Amino acid sequence: MLNATHEELLRRAKELDPPTQHHIDGRSEAGAGGSFAVVSPRDGQSLVQVADAREAEVDLAVAAARRAFDTGPWPHLAPAERGRVLRRIADLLEERREELALTVSLEMGKPITDAYAIELRAAINTFRWYGQLADKLTDESPHTAPDSLALITREPAGVVGAVVPWNFPLTLASWKVAPALAAGCTVVLKPSENSPLSALLLGRIATEAGLPPGVLNVVTGDGPVAGRALGLHPDVDVLAFTGSTAVGRHFLRYAADSNLKRVWLELGGKSPNIILPDAPDLEKAAATAAWGIFFNQGEMCTAPSRLLVHSSIAEQVTEAVVARARELRVGDPLDPATEMGALVGDSHLGRVLEHVASGLDEGARLRVGGGRTLAETGGSYLRPTVFDRVDPGMRLAREEIFGPVLSVLTFDDLDEAVRLANATEYGLAAGLWTSDLSTAHKVSRALKAGTVWVNCYEEGDLTVPFGGMKQSGNGRDKSAHAIDKYTELKTTWIQL
């Protein structure tokens, strides 16, 4: 548990000395690409200048990963040995938990309590879980004719390019890096240019934990240059990406234009949260709806941004969410009392405000919020925002906003609720609140979403996969199923 005052955290933040150079082949690499400023959304001030990767730096990182895979020890280590290194990474992340939480909070605006208790918990647990899984994976030997033997073996796929966003910089990096390493792959990680510092720390911690040189490389730079170079690189065998659907399309094109590398995408969402009149606890349902959209400043692909409420309870539920929005404490991410921090930057805040303006123009009713707050700090803060009387055709109901903006839609029967829920190009997650077991099963089956939460939201652990349908992507993070993305199946048939 984080045990520090606001003043102590401000002091410790000033003492941070984060790495600013690429991490390639187990050491720092300045590169020749110049640098860019990492700006903190809490106050609009520059934190540090970080190395900016061009194609040359990406080539260096991929070459290091290629050597480490083709001639290095990592793919050939006993799985138990790989597992020990992953668990050591988890231990070091735990030891440096406060430093990492402060770094995440500073670079992307997440409240320090969430960075420490949720972000770091997830990253630590992910490396530990895959470290424990590494020697539990099994091959197959199907029954064949008596004069033959068939073997189906899992082999590491090779060099993995992992491109991750800024909203959960360590969690989402861990979801890709840990299973890839457990499978025996080597990795080039490119974090968002908004949140490169925690990823650079992760690379150095992994080396300190005993990861051989070149097995995990971290290059910092923007998507159009560094991300594109990874996507087009002929020596990258697998590309794993979390981010927007628009950028996901680019990575598919890069694969087609290069070596047809496998591309695994976890993309956007416009997740419905359905509340029926027989919900077991309407107060809890409303509180969870509010928590879900305002947690992490609404910057979540799974955020329940469409609240679908039966017309008979719509006003009751909406009023409860509005009341929670009014009392939510928005403030400095480094203040332990803050419940909602800053959006990642002014450009993103501007995009969210454009959606708010479109809702007003199209006739939705603004119940609370809708404007910037704490502008005097220089930070990118937005008041929690709720619209009702939202029509399914409005931009508010169709487009991913990626901010603390909730759209309330109403329905009169279950069939209409399912139609509204599925009336989106996305299919990442959904919520359902009901006391009827048959309804829970039938609606869960009818919802086109990779995850359906019943009488809860954002629950689960590493035993279950995470990913979407439709334009929310393909493949799965988390669970043993994530290993599938980073392995090749080989059949060996032996005539006896």
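Worth saying up front: this structure is predicted, and the values here are computed from it rather than measured.

Enquirer: Looking at this structure, I do not really get the overall build of the chain. What am I missing?
Expert: Each helix and strand in the chain was counted, giving 15 helices and 22 strands. The C-alpha radius of gyration of the chain comes to 23 Å, within 12% of the 23 Å expected for a compact globule of 496 residues. C-alpha extents for the chain along the principal axes are approximately 70 × 60 × 45 Å. The buried share of the chain, reckoned over its 496 residues, is 57%. Counting contacts in the chain only where the partners sit at least 6 residues apart, residues at least 24 apart contribute 74% of the total. When the accessible surface of the chain is summed, it comes to about 19,300 Å², and 51% of that surface belongs to carbon and sulfur atoms.

Enquirer: I tried to follow the UniProt feature "domain: Aldehyde dehydrogenase" (unreviewed entry) in the chain on my own but got confused; where do I start?
Expert: In the numbering used here, UniProt assigns the feature "domain: Aldehyde dehydrogenase" (unreviewed entry) to residues 34–491. Between the C-alpha atoms that bound residues 34–491 the distance is 47 Å, and the span itself is 40% helix and 19% strand.

Enquirer: Any chance you could explain unusual backbone geometry here in plain terms?
Expert: Comment: phi is negative for the bulk of residues other than glycine, and the bulk of peptide bonds are trans. With a phi close to 55°, Leu-260 is a non-glycine residue in the positive phi region. Within the secondary structure, Leu-260 is located in the loop between α9 (245–257) and β10 (262–266). Even without being glycine, Ser-479 reaches a positive phi, approximately 65°. Its location among the elements puts Ser-479 in the loop between β21 (469–470) and β22 (487–495). Note on Ser-479: relative accessible area 0%, which makes it buried.

Enquirer: Before we go on, may I ask you to explain the sheet that holds strand β12 (residues 306–310) in this structure?
Expert: Whenever strands of a sheet pair, they do so through backbone hydrogen bonds, lying parallel or antiparallel. On the basis of which strands lie adjacent, the open sheet formed by 7 strands has the order β13-β16-β17-β12-β11-β19-β20 and mixed pairing. Each having just a single partner strand, β13 (365–368) and β20 (451–454) make up the two edges of the open sheet. Each strand axis lies, on average, 25° off the axis of its neighbour in the sheet, ignoring direction.

Enquirer: How do you make sense of the packing of aromatic side chains when you look at a structure like this?
Expert: Two aromatic rings, taken as a pair, are described by how far apart their centres are and by the angle between their planes. In the structure shown here, the tally under the stated rule is 8 aromatic pairs. Judged by centre distance (5.5 Å) and plane angle (85°), the ring pair of Trp-166 and Phe-402 falls under edge-to-face. Placement of the pair is Trp-166 in the loop between β6 (159–163) and α6 (169–183) and Phe-402 in the loop between α13 (395–398) and β17 (405–411), with a sequence separation of 236 residues. Residue class for Trp-166 comes out buried when judged on its relative accessible area of 12%. Among the aromatic residues, ring-to-ring pairing joins Phe-168, Trp-291 and Phe-295 into one connected group.

Here is what the cut-offs are and how they apply
Residues numbered from 1 in each chain as written. Predicted model: local features only at pLDDT ≥ 70, side-chain atom pairs only at ≥ 80, totals over all residues. Heavy atoms only, no water. Helix = DSSP H or I, 4+ residues; strand = E, 2+ residues; numbered from the N terminus. Rg over C-alpha atoms; globule rule 2.2 N^0.38 Å. Buried < 20%, exposed > 50% of the residue type's maximum accessible area, 1.4 Å probe, protein only. Contact = heavy atoms within 4.5 Å. Areas by Shrake-Rupley, 256 points an atom, 1.4 Å probe, with all protein chains shown as cover. UniProt positions renumbered as here; feature names shortened; annotations may be inferred. Pairing = 2+ DSSP bridges. Axes fitted to C-alpha atoms, helices over the stretch in contact; angles between N-to-C directions. Phe/Tyr/Trp six-rings, centres within 6.5 Å; stacked < 30°, edge-to-face > 60°.

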